[in-house]
Amino acid sequence: MNTKNNTGLLAVCFCATFVYLFSVSSAWADPDILKEQARDLGQVKELTRKWLDAYQSGDIETLMSFYTDETVIYLGDKASMHGLKEIRAYFEPRLGASKFDVIVKDEEFLVHGDLIIHFSLVWISGHITDSNQPFSDAVRSMVMFRLSPDSGWKIYRDMDQHTKDTDRPIDK
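Keep in mind that what you see is a predicted model, and the values were worked out from it rather than measured.

**Q** How would you explain the layout of surface pockets if you had to name every residue and give the values?
**A** As a volume, the largest pocket reaches approximately 960 Å³. Residue assignment for the lining of the largest pocket shows that the elements contributing at least two residues are helix 2 (31-57), strand 1 (67-75), helix 4 (83-91), strand 3 (98-112), strand 4 (115-128), strand 5 (134-148) and strand 6 (152-161). Per element, the largest residue contribution to the lining of the largest pocket is six residues, and it comes from strand 5.

Take a look at the structure:
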């Protein structure tokens, strides 16, 4: 084992990490970048609210306006859906089939340039419209939004997974 080469490699890795951390921390401290991030987060939170409204009201056109042909949705127990055609085929029969309440508990937002990742816990409860059969569900959600220069923030990736800590009751 050549210790001299390993020491050089370690020094290069350390310097690269230091430069990266310095550049990231400098960006965080820049007031203009912080203002942009706050604005972007506000837009993504508003998009999320509008998405819930469109889903609950059964407005498929508004719902689809939040997606692009590049969007992929991953639901834990279903095949992934790629693009507008598959996403529409999934949502259309579900809209209006139930009445429900949704509670979203934001866990974390990560902002990196034209991407925002939103981690949350989501609780849904309601009833099937035709049968009045009750249902409830709880998932951990990760939604990645991407900024499109011509159309604003869109859902780029959406992953909902059942995890052991999502079935606990939450405080309203």
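Next, the rest of the story.
**Q** Account for the environment of valine 104, with residues named and values stated.
**A** One can find valine 104 in strand 3. Distance from valine 104 to phenylalanine 119, taken between C-alpha atoms, is 9.9 Å for residues 15 residues apart in sequence. Setting aside residues no more than four positions away along its own chain, valine 104 makes contact with Leu52, His118, Ser120, Leu121 and Val122.

**Q** Give a description of the sheet that holds strand 1 that names residues and reports values.
**A** Pairing is mixed across the open sheet formed by six strands, whose spatial order is 2-1-6-5-4-3. Because the sheet does not close on itself, it has two edges, and the strands there are strand 2 (81-82) and strand 3. Summarising the sheet, strand 3 and strand 4 pair through 14 bridges and their orientation is antiparallel. The partner of leucine 110 across the bridge, within strand 4, is isoleucine 117. Seen against the sheet, helix 2 touches strand 1, strand 3, strand 4, strand 5 and strand 6 and runs at an angle of roughly 165 degrees to strand 3.

**Q** Go over the nonpolar core with me, naming the residues and quoting the values.
**A** One finds Trp51, Leu63, Tyr67, Phe91, Phe145 and Ile155 to be the most contacted residues of the largest nonpolar core, which totals 24 residues. Taken together, the elements giving at least two residues each to this core come down to helix 2, helix 3 (60-64), strand 1, helix 4, strand 5 and strand 6. Considering each element in turn, this core owes the most residues, six residues, to helix 2. Here phenylalanine 145 is in contact with Val44, Leu47, Thr48, Asp114, Leu115, Ile116, His118, Trp153, Lys154, Ile155 and Tyr156, once residues within four sequence places are set aside.

**Q** Please give an account of the confidence of the model for the chain that cites residues and values.
**A** When the pLDDT values of the chain are averaged, the result is 80; 78% of them are 70 or greater. In the predicted structure, residues 9-26 sits below a pLDDT of 50 and forms zero contacts with residues beyond four places in sequence or in another chain.

**Q** Outline the packing of aromatic side chains, listing residues and values.
**A** Here the structure, examined in full by the defined rule, presents six aromatic pairs. Pairing tryptophan 51 with phenylalanine 91 gives two aromatic rings, centres 6.0 Å apart and planes at 75 degrees, and the pair type is edge-to-face. Taken together, the residues tryptophan 51 in helix 2 and phenylalanine 91 in helix 4 connect sequence positions 40 residues apart. Residue phenylalanine 91 is classed as buried on the basis of its relative accessible area of 6%. Grouped by ring-pair contacts, the aromatic residues Trp51, Tyr55, Tyr67, Tyr90, Phe91 and Phe100 constitute a single cluster. One cation-aromatic arrangement involves arginine 157 over tyrosine 156; the distance from NZ or CZ to the ring centre is 3.9 Å.

**Q** So what about helix 2? Which residues, and what values?
**A** Helix length check: helix 2 (27 residues) gives 39 Å between terminal C-alpha atoms against 39 Å at 1.5 Å per residue, within 8%. The set of residues buried in helix 2 consists of Gln37, Asp40, Leu41, Val44, Leu47, Trp51, Ala54 and Tyr55.

**Q** Got a sec to walk through the environment of glutamate 36? Specific residues and values, please.
**A** Secondary-structure assignment places glutamate 36 in helix 2. On the accessibility criterion, glutamate 36 (42% relative accessible area) is partly exposed.

**Q** Please set out helix 4 residue by residue, giving values where relevant.
**A** Since the α-helix packs 3.6 residues into each turn, any two residues three or four apart lie on the same face. Considered for burial, the residues of helix 4 that qualify are Gly83, Ile87, Tyr90 and Phe91. Each buried residue of helix 4 lies within a common arc of 90 degrees when the element is viewed along its axis, so the set occupies one face. Opposite the buried face of helix 4, by more than 90 degrees, sit the exposed residues Lys85 and Ala89. Each element contacted by the buried residues of helix 4 is listed here: helix 2, helix 3, strand 1 and strand 2.

Definitions and cut-offs
- Going along each chain's sequence as written, the residues are numbered from 1 onward.
- Where totals are concerned, whole chains, interfaces and linings use all residues; where local detail is concerned, this predicted model gives features only for residues with pLDDT of at least 70, and gives and counts side-chain atom pairs only at 80 or more.
- Calculation of side-chain values draws on the structure's entire complement of heavy atoms; hydrogens and water are dropped beforehand.
- Points on a 1 Å grid over protein atoms alone make up a cavity when a 1.4 Å probe fits among them but cannot get out, and a pocket when they form an open set with protein on both sides within 12 Å along at least five of seven lines; lining residues each have an atom within 4 Å of a point.
- Grid points are joined across faces, edges and corners, and a volume is the space filled by probe spheres set on the points.
- Comment: elements are numbered from the N terminus, with helices defined as DSSP H or I runs of at least four residues and strands as E runs of at least two.
- A contact between two residues is defined here by any heavy atoms of the two lying within 4.5 Å.
- We treat two strands as partners when DSSP finds at least two bridges between them.
- To define axes, lines are fitted to C-alpha atoms, for helices over the stretch in contact only, and angles between the resulting N-to-C directions are given on a 0 to 180 degree scale.
- Nonpolar cores were defined as sets of buried Ala, Val, Leu, Ile, Met, Phe, Trp, Tyr and Cys residues, with membership established by side-chain atoms within 4.5 Å.
- Summary of the burial criterion: residues with accessible area below 20% of their type's maximum are buried, those above 50% are exposed, and those between are partly exposed, where the area comes from a 1.4 Å probe applied to protein chains only.
- One number per residue, pLDDT, summarises how confident the predictor is, and it ranges from 0 to 100.
- When two rings of Phe, Tyr or Trp (its six-membered ring) have centres within 6.5 Å they constitute a pair, described as stacked for plane angles under 30 degrees, edge-to-face for angles over 60, and tilted for the intermediate range.
- Two conditions define a charge sitting above a ring: the NZ of Lys or the CZ of Arg must be within 6 Å of the ring centre, and it must be within 35 degrees of the ring normal.
- In this analysis, the expected span of each helix is defined as 1.5 Å times one less than the number of residues it contains.
- What the arc covers is the set of directions going from the helix axis to the C-beta atoms.

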